[in-house]
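# Notes for the structure review
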Amino acid sequence: TAGMWNNTGTQLAIMRHETEVKGVHMTTDGSRVITWSQEDTVNIWDSEGNPIAVLPHTNQWDDPIINPNDNMIVTWKDQAAWLWDIDGNPLADLPSDDEIIGAQWNPAGTHVLIRTYYGADLWDTNGVLLKTMLHDRQVYFAQWNKEENRLLTFYSQQCDGGGGTMLWDVSN
């Protein structure tokens, strides 16, 4: 169960799950709360704790991410990711050839980067794969430049504990 309180300690909402809640996110406007749990669901709630949608899955979800525009969510597990609108309607499947370790939105909320053990895939919000960026190691982090036409990726070097970066042109 997840609860929401205001700053004076008054309880505003209870969002019930059958098992342990693993995490929670809220849209920047406060209109939606996203929770995920060990019961293999991502739940979408309104700001008063009323359920809007349940996104089912056969295994535990990894950390879903809300885009900066508060209108889409990306979820992932194993070798697949999915785009949903903020009310839980499916928008696109984003398959991967490698195990997914994370996702992040560009600042404009129009592209999502799916990070894997050996690379990263850049997708638009229609589910079109725009670019595959191969690495020989796990991609931990990425950052767009201000114009969002370049992407810096950081990867690990598991043998010696070091890492490296690669700069990508993502202007198209």
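Use the structure listed above.
The structure reproduced in this document is the subject of the present report. (Residues numbered from 1 in each chain as written. Predicted model: local features only at pLDDT ≥ 70, side-chain atom pairs only at ≥ 80, totals over all residues. Heavy atoms only, no water.)

## Here's the deal with the pattern of salt bridges
Two side chains of opposite charge can pair, provided their charged atoms sit close to one another. Under the convention used in this document: One speaks of a salt bridge when a side-chain nitrogen belonging to Lys or Arg is within 4 Å of a carboxyl oxygen belonging to Asp or Glu. Every helix listed is a DSSP run of H or I at least four residues long, and every strand listed is a run of E at least two residues long, numbered separately from the N terminus.
Within the structure shown, the criterion is met by 1 salt bridge. Residue Arg 32 pairs with Asp 87 through a salt bridge whose shortest N-O separation is 2.8 Å. One end of the pair, Arg 32, is in strand 4 (residues 32-37); the other, Asp 87, is in the loop between strand 9 (80-85) and strand 10 (90-95), with 55 residues separating them in the sequence.

## Remarks on the nonpolar core
Heads up, the condition is: What makes a nonpolar core is a set of buried Ala, Val, Leu, Ile, Met, Phe, Trp, Tyr and Cys residues whose side-chain atoms join them at distances within 4.5 Å. Three labels apply to residues, based on accessible area from a 1.4 Å probe with only protein chains included: buried if under 20% of the type maximum, exposed if over 50%, partly exposed otherwise in between.
Val 74, Ala 81, Leu 83, Leu 94, Trp 105, Val 112 and Ile 114 are the most contacted members of the largest nonpolar core, which totals 14 residues. Elements supplying a minimum of two residues to this core: strand 8 (72-77), strand 9, strand 10, strand 11 (100-105) and strand 12 (111-116). One finds Ile 34, Ala 53, Ile 66 and Ile 73 within the second-largest nonpolar core, a separate group that totals 11 residues.

## Describing the packing of aromatic side chains
Going by this rule: Geometry of aromatic contacts follows a simple scheme: Phe, Tyr and Trp rings, the Trp one being its six-membered ring, pair when their centres are within 6.5 Å, and the pair is stacked under 30 degrees between planes, edge-to-face over 60, tilted otherwise.
Enumeration over the complete set of coordinates arrives at 1 aromatic pair. Ring plane angle 35 degrees and centroid distance 6.3 Å describe the contact between Tyr 140 and Phe 154, whose orientation is recorded as tilted. Linking Tyr 140 in strand 15 (residues 139-144) with Phe 154 in strand 16 (residues 150-157), this pair joins segments that are 14 residues apart in sequence.

## Focus on the environment of Pro 95
What counts here: Contacts are assigned to residue pairs that have any heavy atoms within 4.5 Å of one another.
Structurally, Pro 95 is set in strand 10. Judged by relative accessible area, which is 51%, Pro 95 ranks as exposed. When sequence neighbours within four positions are dropped, the list of residues in contact with Pro 95 reads Gln 79, Ala 80, Asp 121 and Trp 123.

## Points about the pairing of strand 4
Applied cut-off: Being paired, for any two strands, means DSSP has found at least two bridges between them.
Summarising burial for strand 4: 6 of the 6 residues are buried, a large majority. Of the two faces of strand 4, the one lined by Arg 32, Ile 34 and Trp 36 and the one lined by Val 33, Thr 35 and Ser 37 are each fully buried. Sheet topology note: the strand 3 (residues 21-26)/strand 4 ladder contains 5 bridges and is antiparallel. Across the sheet, residue Met 26 finds its bridge partner in strand 4, namely Val 33. Between strand 3 and strand 4, which pair antiparallel one after the other, the connecting turn spans 5 residues, and Gly 30 there sits at a positive phi close to 75 degrees.

## So, unusual backbone geometry
A positive phi is found at Asp 70, a non-glycine position, where the angle reads about 60 degrees. By secondary structure assignment, the location of Asp 70 is in the loop between strand 7 (65-66) and strand 8. One non-glycine residue with positive phi stands out, namely Glu 148, at about 60 degrees. Mapping Glu 148 onto the fold places it in the loop between strand 15 and strand 16. Judged by relative accessible area, which is 21%, Glu 148 ranks as partly exposed.

## Description of the sheet that holds strand 7
The sheet built from 4 strands is open, its strands ordered 7-8-9-10 with antiparallel pairing. Both edges of this open sheet fall to strand 7 and strand 10, since each of them pairs with a single strand only. When strand 8 meets strand 9, the two strands line up antiparallel, connected through 6 bridges. Looking at strand 9, one finds that Trp 76 is bridged to Ala 81.

Remember that the coordinates give geometry; whether it matters functionally is a separate question.
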